[in-house]
Amino acid sequence: PNILTIGTGIEEHNNYGVDFIEATKTIKELCPWCKISGGVSNLSFGFRGVNVVRESIHAYFLHHACVSSGMDVGIVNAAEMLHPVEVPVQLREVCEDAVLNRRPDATDRLLAATEAEKEAMELRKRGGGAVQVKKKSWRDLPIAERLTHALVKGISEHVDKDTEEMRSEIEQRGGKTLEVIEGPLMQGMNVVGDLFGAGKMFLPQVIKSARVMKKAVAYLLPFMEKEKRDNLIKQGLDPDAQGDDDSQYAGKFLIATVKGDVHDIGKNIVAVVLGCNNYKVYDIGVMCTCEAILDAAIEHNVDAIGLSGLITPSLDEMVDVAKEMAKRNFKVPLLIGGATTSKMHTAVKVAPQYASDEHPVIHVLDASRAVTVVSSLLSEESKPDYVADVQDEYAELRDEYYASLEDRKYLTLDQAISKRGDVSTEKVAPTPTHLGARVVEEDLGEVVPFIDWNPFFQTWELRGRYPNRGYPKIFNDETVGAEAKKLFDDAQAMLTKIVETKELSLKGCYGLYAANRSEGGEDVDVWENESERGNKPAATFCMLRQQAEVDGQQHYLSQADFVCGRGSRDHLGMFAVACFGAEAAAKRHEDANDDYSKIMVQALADRLVEAFAEKLHRDMRVAHWGYAASESLSHDDLLKVKYDGIRPAPGYPSQPDHTEKRTMWDLMDVEKRCGIKLSSSLSMMPAASVSALVFAHPDASYFAVGKVQKDQVESYAQRKGMELEVCERWLSPILNYDR
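Below or above, wherever it landed, is the structure these notes cover. (Residues numbered from 1 in each chain as written. Predicted model: local features only at pLDDT ≥ 70, side-chain atom pairs only at ≥ 80, totals over all residues. Heavy atoms only, no water.)

Secondary structure summary: the protein chain contains 25 helices and 15 strands in total. Dimensions along the principal axes, computed over C-alpha positions, put the protein chain at roughly 100 × 65 × 55 Å. When the 739 residues of the protein chain are sorted by exposure, 51% land in the buried category. Considering only residue pairs separated by 6 or more positions, the protein chain has 73% of its internal contacts joining residues 24 or more positions apart. For the protein chain, the exposed surface amounts to about 34,300 Å²; the carbon and sulfur share of it is 48%. (Helix = DSSP H or I, 4+ residues; strand = E, 2+ residues; numbered from the N terminus. Buried < 20%, exposed > 50% of the residue type's maximum accessible area, 1.4 Å probe, protein only. Contact = heavy atoms within 4.5 Å. Areas by Shrake-Rupley, 256 points an atom, 1.4 Å probe, with all protein chains shown as cover.)

Our focus in this paragraph is the pairing of strand β9 (residues 505-517). For β9, the buried fraction is high: eleven of the 13 residues fall into the buried class. Where strand β8 (residues 436-442) and β9 come together, seven bridges link them in antiparallel fashion. Its bridge partner lying in β9, V439 is registered against C509. In this structure, β9 lies alongside strand β12 (residues 570-580), joined through eleven bridges in antiparallel fashion. Bridging from a neighbouring strand, L512 pairs with G573 of β12. (Pairing = 2+ DSSP bridges.)

For the rest of this paragraph, the subject is helix α4 (residues 106-125). One turn of an α-helix holds 3.6 residues; hence residues three or four places apart share an orientation. Over its 20 residues, α4 runs 29 Å from end to end, which matches the ideal 28 Å to within 8%, given 1.5 Å per residue. Those residues of α4 that fall on the buried side of the exposure criterion are A106, T107, L110, A113, T114, E117, A120 and L123. Lining the buried residues of α4 we find α2 (51-68) and α3 (89-100). (Expected span 1.5 Å × (residues − 1).)

What follows deals with the pairing of strand β3 (residues 251-257). Residues in a regular strand point their side chains to alternate faces of the sheet. Of all seven residues in β3, seven are buried; the element is thus mostly enclosed. By the alternation rule, side chains of β3 split into G251, F253, I255 and T257 and K252, L254 and A256, which are all buried. Note that β3 and strand β4 (residues 279-283) share five bridges and pair parallel. Within β4, the position partnered with K252 by the bridge is K280. What joins β3 to β4 is helix α9 (residues 265-276), and the crossover it makes is right-handed. (Right-handed = clockwise from strand over helix to strand, strands pointing away.)

A few words on the packing of aromatic side chains. Applying the stated rule across the entire model yields 16 aromatic pairs. A ring pair is formed by W453 and F456, whose centres lie 5.3 Å apart and whose planes are at 90°; its orientation type is edge-to-face. We classify W453 as buried; its relative accessible area is 7%. Taking 6.0 Å as the distance between ring centres and 85° as the angle between the ring planes, the aromatic pair formed by F562 and F695 counts as edge-to-face. Of this pair, F562 sits in the loop between β11 (539-542) and β12 while F695 sits in the loop between β15 (689-694) and α24 (710-720); the two residues are 133 residues apart in sequence, bridging distant segments of the chain. Of the two residues, F562 and F695, neither departs from the other in class, the shared state being buried. Each member of the aromatic cluster is reached from another via a ring pair, and the members are W453, F456, F457, Y471, F475 and F488. The positively charged end of R621 is found above the aromatic ring belonging to Y643, 3.7 Å away from the centroid. (Phe/Tyr/Trp six-rings, centres within 6.5 Å; stacked < 30°, edge-to-face > 60°. Lys NZ or Arg CZ within 6 Å of the ring centre and 35° of its normal.)

Here the focus is helix α18 (residues 481-501). Spanning 21 residues, α18 covers 30 Å between terminal C-alpha atoms, matching the ideal 30 Å at 1.5 Å per step. Among the residues of α18, G481, E483, A484, L487, F488, A491, M494, L495 and I498 are the ones counted as buried. The buried residues of α18 occupy one face: seen down the axis, they fall within an arc of 145°. Opposite the packed face of α18, turned more than 90 degrees from it, sit the exposed residues A482, K497 and E500. On its buried face, α18 is in contact with α8 (203-234), α16 (444-447), α17 (454-459), α19 (582-591) and α20 (595-624). (Arc of directions from axis to C-beta.)

Before going further, it helps to spend a moment on the pattern of salt bridges. Here the structure, examined in full by the defined rule, presents 51 salt bridges. With its nearest N and O atoms 3.5 Å apart, the salt bridge here joins D699 to K427. Residue D699 is located in the loop between β15 and α24, and its partner K427 is located in the loop between α15 (413-418) and β8; the two are separated by 272 residues in the primary sequence. The exposure class of D699 is partly exposed, given its relative accessible area of 37%. A salt bridge links K615 to D619, with the shortest nitrogen-to-oxygen separation between them at 3.0 Å. Of this pair, K615 and D619 both sit in helix α20, four residues apart, roughly one helical turn. Each member of the pair, K615 together with D619, is buried. (Salt bridge = Lys/Arg side-chain N within 4 Å of Asp/Glu carboxyl O.)

Attention shifts here to the packing of α9 against α20. Contact geometry of α9 with α20 gives a least axis separation of 10 Å together with a crossing angle of 160°. When the axes of α9 and α20 are compared, the pair comes out roughly antiparallel. Two packed elements cross with a definite hand, and for α9 against α20 that hand is left-handed. Each of I265, N268, I269 and V272 in α9 lies in contact with α20, whose residues at this interface are D595, K598, I599, Q602, A603 and D606. (Axes fitted to C-alpha atoms, helices over the stretch in contact; angles between N-to-C directions. Parallel < 35°, antiparallel > 145°, perpendicular 65-115°, else oblique. Left-handed = near helix turned anticlockwise from the far one by under 90°.)

The next subject is the state of the cysteines. Disulfide: a covalent bond formed between the sulfur atoms of two cysteine residues. Throughout the structure, instances matching the rule amount to zero disulfides. As a non-bridged cysteine, C31 has C34 as the owner of its nearest cysteine sulfur, 5.2 Å distant. Considering cysteine sulfurs only, C542 is the nearest to C564, which forms no disulfide, with 19 Å between them. (Disulfide = S-S within 2.5 Å.)

Along the chain, R54 turns up in helix α2. The buried category is assigned to R54, whose relative accessible area is 15%. Aside from chain neighbours lying at most four places away, what touches R54 is S41, S44, F45, F47 and R48.

To continue, consider the environment of Q709. Note that Q709 resides in the loop between β15 and α24. Judged by relative accessible area, which is 21%, Q709 ranks as partly exposed. In the structure, Q709 is positioned 309 residues away from E400 in sequence and 20 Å away in space, judged by C-alpha atoms. In this structure Q709 touches Y410, L411, T412, Q547, N736 and Y737, once residues within four positions along its chain are discounted. A polar atom in the side chain of Q709 sits 3.5 Å from the backbone oxygen of L411. (Polar contact = N/O pair within 3.5 Å; in protein donor to acceptor, adjacent residues only side chain to side chain.)

Across the sheet, which stays open at both edges, the five strands sit in the order β4-β3-β5-β6-β7 with parallel pairing between neighbours. Taken across any chain shown, the strands that pair with only one partner, and hence form the sheet edges, are β4 and β7 (361-363). Going across the sheet, the axis of each strand differs from the next one's by a mean of 25°, ignoring polarity. As defined by bridge partners, strand β6 (residues 334-337) adjoins β7 across three bridges and the pair is classed as parallel. Bridge pairing in β7 links I336 to H363. Lying on the sheet, helix α12 (residues 343-354) is in contact with β6 and β7; it crosses β7 at an angle near 165°. Across the face of the sheet, helix α13 (residues 367-377) comes into contact with β3, β4, β6 and β7 while running at roughly 170° to β6.

The next subject is unusual backbone geometry. Following Y471, the chain continues to P472 via a peptide bond in cis, the omega torsion being 0°. Among the structural elements, P472 can be located in the loop between α17 and α18. In this structure, P686 follows M685 across a cis peptide bond, with omega equal to 10°. Mapped onto the elements of the fold, P686 is located in the loop between β14 (684-685) and β15. The residue K502 is not glycine, and still its phi comes out positive at about 60°. Here K502 shows up in the loop between α18 and β9. On the accessibility criterion, K502 (60% relative accessible area) is exposed. The backbone of V641 sits at a positive phi, close to 55°, despite the residue not being glycine. By relative accessible area, V641 is classed as partly exposed at 35%.

Pasting the structure below:
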């Protein structure tokens, strides 16, 4: 069918929009496999020059033609598309009346509205004077539409008042409080889900919408509980003996951060996004044991389980959970996510322990994908094809992985050692002004200039496209720029308040020690003062060396290579810092049903502690160690690492073993000095914590150890005094063999 122009003033044209919508529906009923498309701009051709009117007409037409009748493709300028809830208030009724031909004067009313818009445009062109058209506010909308609008726009200021007005109206006509949720609130959340899925709404907006929903539901909960209790008593039932009714949800989902891991920003975001899409989410927190996760899943009878983790030991925990799910005969899908996870690891290590066509194991890249994955898995119609595609893809990934192991060549440990990258003793940094460990506390305002804002936008899944990647260019991005700026402004407001109230605090410790490579050359021995150098070391930091053979590579590096051997007066620095108070602040916002502020304060705590680490490293170079006393770098140059030396962290690519944190913690007595603890998986607590070794040599560089062979693991375990099996578990992600 063709889309023809409406609103021409010719009466027989008035029904063209309805004719297309009904024709589409009929064709789809008779020929369900055919595809229908149309050029949408034809519909509003008579209103060209007034884009807001044209876009508003298209919004209602597409809604009815596509959503209600099944049109497959509408040819339209996607950059100018509006959802019906985005249509200006003064145009909503007149545009939908014209599209659906609902009243004889629909065209006349639409023309009058168009003239008003033209007049407003002319006034703006003549110098931006006040537009004489009285604009309606969304506060003038009927109460149900007001609630829906507030949800979509994330406006929480009036939520209690509006929710009560809607509840009272429903109560007066004999309805139940639940109708407020099932009606305008869920209509709003459905719009949010549609816009988010279509890429027209972004994560910060979704979180704000969730805040409105939670506040509204919290207000309604006492009324619903009373109605439920009164109803059960009328039926002669004991209200205290009844379980929760979850039948109104699209599904039930349990999510947890695995044992030993305290990071939960990503998990919190996934929980909010799924909640916005009508899933009942049981978030059981961080550092959850396998037993606790599976017992909770049984207790709540969930439809799917999600595991989250940031540090590499969490990968093995996820494998253990998958194995236990198989042993306990679970039949629900398992979702894997978090910064340390990958599709390859999920396919190779986790899926084989549990996955089947009935209950697959699937890696979820970020929060925006979670809804699609869960909805596909819980849909009887789409699940078989979706799971089959995932299973095929993961089988290919496993084949690719094992083929790469066969093709990859490795040096023996002795061969790699023979190609170590010794640093020049002539460039050794001067002796620090003092040795040993010291506590450092920093004012929040002092570290703010050191903040790197790029990871902040990544946390909120806002990514600009070239050339507008990264801060501050992201504000110029035509897709995410406006929302990125709103988010940044919100962050600045909260950050200002945090600095003023000192709600968060920064504390840590740093250490400077005499250091040399060990006799074998693979580790670094440290002493607390120069007089002890050469005697029994106060501690030994064990290092790992590259072994994967690369054509043309001259040196196979270890961090031990960046410290000079015996006979040279070299040194090694280190630090551990944290931002305290974020957990309590997040809990306060959570109790107020404000997920947006909860995630914001967690994200800001991460930025503040990273800025603290950046500043402390600079202070160590310039003052405490003093090997770069004349350094004067801009903020951008600091972020580009244009200074001498590096600060790699245990558990990261240059030294992938988290157990080296224990050596640092024992040497500096970190927990006693500044209160930063280590979990069983050596995740730092609080979550907003950073630790690192500090190498001063100008030739020191960041690198990735990559996969290692068993000969190195055996040597490493022996040097650490650790059982081989235990060592292999900690190094599991980098082993080039199955343990």
